[in-house]
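Coordinate inspection notes
Here is how the chains run, residue by residue.
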Amino acid sequence: MAHYFSEQPQASSKPGAVQLVLPDLHLKLETDRGVFSPDRIDLGTRILLETVPPPPQEGDLLDLGCGYGPIALTMASRAPSATVWAVDVNRRSLELTERNAAAARLYKVKPIYVDDVPDDVKFRAIWSNPAIRIGKAALHEMLTRWLTRLTPDGVAYLVVQKHLGSDSLQRWLGEQGWQASRFASRAAYRILKVER
């Protein structure tokens, strides 16, 4: 069975659109089948975007698992001088993020396949609604891979549903040597703040 975390989604294309409405931003985003939450802005994503502090205004920022781009475009809008790397395994998601960034004139968004990010790029902030459903081992591997690329003063914010394991993920992060704290909690979602 193909999922939104497949490189080439098997679902036939059925273009759509959603509105991203935040206090500081209003964007119409193209979506399609075979990507994460194509019919609406996912509640976890919305809570993340409504809760986290502004990103660093310069440097490299990361949206891990960008989907069609709501997190990346919000980061780019709030930090116009920063470069926002929008990373995903799903090629359809990356194409949508590229089109949505161009339509919003957010030219410092760089949609890029997960294995193509240059090794020397370090991130001052990571924002993510991580793909919990890829399974615990794959999730841990993914987070380890990207959290180790935080700058010394970098901070990651992850939104995770309570019943999908946010508390156990927070414990695991602590066991790996990260400072992981609950930054916020709303509507059965936790925002985890992760630092070195």
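Look above for the structure.
Residues numbered from 1 in each chain as written. Predicted model: local features only at pLDDT ≥ 70, side-chain atom pairs only at ≥ 80, totals over all residues. Heavy atoms only, no water.

Let's talk about the environment of Asp116
Our working definition: Numbered from the N terminus, helices here are DSSP runs of H or I no shorter than four residues, and strands are runs of E no shorter than two.
Turning to its location among the elements, Asp116 is positioned in the loop between β5 (109-113) and β6 (123-128). Separated by 56 residues in sequence, Asp116 and Trp172 have C-alpha atoms that sit 27 Å apart.

Structural notes on the pattern of salt bridges
As a reminder of what qualifies: Between Lys or Arg on one side and Asp or Glu on the other, a salt bridge is scored when a side-chain nitrogen of the former is within 4 Å of a carboxyl oxygen of the latter. Burial classification: accessible surface area is computed with a 1.4 Å probe over protein chains only, and a residue below 20% of its type maximum counts as buried, one above 50% as exposed, and the rest as partly exposed.
The tally for this structure, following the rule as stated, stands at 8 salt bridges. Between Asp24 and Arg78 there is a salt bridge whose closest N-O contact spans 2.7 Å. Of the two residues, Asp24 is situated in the loop between β1 (16-22) and β2 (25-31) and Arg78 in helix α2 (residues 70-78); the sequence distance between them amounts to 54 residues. Of the residues examined, Asp24 reaches a relative accessible area of 41% and is grouped as partly exposed. Residue Arg190 is joined to Asp167 by a salt bridge in which the shortest nitrogen-to-oxygen separation is 3.3 Å. Here Arg190, found in strand β9 (residues 189-195), pairs with Asp167, found in helix α5 (residues 166-175); they are 23 residues apart in sequence, far enough to count as distant. Each of Arg46, Glu50 and Arg186 takes part in one network of salt bridges that share partners.

Examining helix α4 (residues 136-147)
We apply this condition: To estimate the expected span of a helix, subtract one from its residue number and multiply by 1.5 Å. What the arc describes is the spread of directions from the helix axis to the C-beta atoms. Throughout, a residue-residue contact means that at least one pair of heavy atoms, one from each residue, lies within 4.5 Å.
Taking 1.5 Å of rise per residue, 12 residues should cover 16 Å, and α4 covers 16 Å from first to last C-alpha, within 8% of that figure. Restricting attention to buried positions, one finds in α4 the residues Leu139, His140, Met142, Leu143, Trp146 and Leu147. Down the axis of α4, the buried set is contained in an arc of 165°. They therefore lie on one face. When the buried face of α4 is taken as reference, the exposed residues oriented beyond 90 degrees from it are Ala137 and Glu141. In this structure, the buried residues of α4 make contact with β3 (60-64), β4 (83-88), β6, β7 (150-161), α5 and β9.

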